[in-house]
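Tertiary structure, described
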Amino acid sequence: MGNTIVKTQIEEVREFLSDTVVKLENYLNETTLEVLKQGQQADEEYYKTILSSLRKLAVYCEEGFDACKVIVQAEVFSKPAAEKTLYRIYYQCIEEFFSPKSDAWYEDSRAAYTGKNAIKFRQPVSTGVHELMVSLESGFQRIREELEYYETDYRTKMLQSR
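A few points on the structure. Given the structure is predicted, the values throughout are model-derived calculations rather than measurements.

Rules behind the numbers
Residues numbered from 1 in each chain as written. Predicted model: local features only at pLDDT ≥ 70, side-chain atom pairs only at ≥ 80, totals over all residues. Heavy atoms only, no water. Core = buried A, V, L, I, M, F, W, Y, C linked by side-chain atoms within 4.5 Å. Buried < 20%, exposed > 50% of the residue type's maximum accessible area, 1.4 Å probe, protein only. Helix = DSSP H or I, 4+ residues; strand = E, 2+ residues; numbered from the N terminus. Contact = heavy atoms within 4.5 Å. Axes fitted to C-alpha atoms, helices over the stretch in contact; angles between N-to-C directions. Left-handed = near helix turned anticlockwise from the far one by under 90°. Nonpolar A, V, L, I, M, F, W, Y, C, P; charged D, E, K, R; others polar. Parallel < 35°, antiparallel > 145°, perpendicular 65-115°, else oblique. Phe/Tyr/Trp six-rings, centres within 6.5 Å; stacked < 30°, edge-to-face > 60°. Lys NZ or Arg CZ within 6 Å of the ring centre and 35° of its normal. Salt bridge = Lys/Arg side-chain N within 4 Å of Asp/Glu carboxyl O.

Before going further, it helps to spend a moment on the nonpolar core. If you look at the biggest cluster of nonpolar residues, it comprises 46 residues, and the most contacted ones within it are I50, L54, F121 and F140. Mapped onto this core, the elements with two or more residues apiece are α1 (3-30), α2 (33-39), α3 (44-73), α4 (79-98), β2 (119-121) and α6 (127-160). In terms of residue count, α3 provides more of this core than any other element does, twelve residues in total. Once residues within four sequence positions are removed from consideration, L54 is found in contact with L24, Y27, L28, W105, L132 and M133.

With respect to the helices, strands and loops of the structure, S53 is situated in helix α3. Apart from the residues within four sequence positions on either side, S53 is in contact with P100, S102, A104 and W105.

Once that is clear, we can look at the packing of α1 against α4. Look at α1 against α4: their axes get within 10 Å of each other, and the N-to-C directions meet at 40°. Seen along the crossing, α1 lies across α4 with a hand that is left-handed. Of the residues in α4, those in contact with N3, V6, Q9, I10, V13, F16 and L17 of α1 are K79, A82, E83, T85, L86, I89, C93 and I94. Among the residues making up the contact of α1 with α4, the classes are represented as ten nonpolar, three polar and two charged.

Turning our eyes to something else, we now look at the packing of α3 against α4. Closest axis-to-axis distance for the α3/α4 pair is 10 Å, and the angle between their directions is 165°. Put simply, α3 runs roughly antiparallel to α4. The interaxial crossing formed by α3 with α4 has left-handed handedness. Packed against α3, whose contacting residues are K56, L57, Y60, C61, E63, G64, A67, C68 and I71, the element α4 presents A81, A82, T85, R88, I89, Q92, C93, E96 and F97 at the interface. Tallied by class, the residues present in the contact of α3 with α4 amount to eleven nonpolar, three polar and four charged.

Turning to the packing of aromatic side chains, a few remarks are in order. Enumeration according to the criterion identifies six aromatic pairs in this entry. Both rings, one in Y87 and one in Y91, keep their centres 5.1 Å apart while their planes meet at 55°; by these two values the pair is tilted. Of this pair, Y87 and Y91 both sit in helix α4, four residues apart, which is roughly one turn of the helix. The partly exposed category is assigned to Y91, whose relative accessible area is 28%. For the pair F97 and F140, a centre-to-centre distance of 4.1 Å together with 5° between the ring planes defines the contact as stacked. Highlighted residues: F97 in helix α4 and F140 in helix α6, separated in sequence by 43 residues. In terms of burial, F97 and F140 fall into one category: buried. Members of the aromatic cluster, each reached through a chain of ring pairs, are F16, F97, F98 and F140. Cation over ring: R144 sits above F98, and NZ or CZ is 3.8 Å from the ring centre.

Attention shifts here to the pattern of salt bridges. Within the structure shown, the criterion is met by seven salt bridges. With its nearest N and O atoms 3.1 Å apart, the salt bridge here joins E44 to K37. Across the pair K101 and E96 runs a salt bridge, and its minimum N-O distance is 3.6 Å. Judged by relative accessible area, K101 falls into the exposed class, the value being 62%. Overall, E96 belongs to the buried group, its relative accessible area being 2%. Here the salt bridges share partners, and the residues they tie into one network are E34, K37, E44, E45 and K48.

Written out as structure tokens, the structure is:
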């Protein structure tokens, strides 16, 4: 891929991550376990798992944002560094959103065919949690489609260079 394409992608991803971090931080700063338990649609342990997964996602997205910012602001654009960063963002941020290691939620692969939201929770959750995920999902879908190229291309390049 050309430098301008990669640079454009890293700038798009930086903007996406900036918006995502703001949404996640606002939600996490305003929401406590006690607030979630008031709705009491899910049990306390499940809400703890959800909050933990959201915190982890926020950290990954902030780290990815910082990495993008460094690359964009560098005097000389480094295509290899940008590609490595986009690869890492794909696996840390995008994959963690759609399939968190904690299994707090999962992606319904049939959602693309039904026109419904892809993120499904293992238990009923509060409206606030549901609305947050809905507000994030389209951005994550869009960036996932943009970065799918790095899923295989970067790994292939690394294997070939050995």
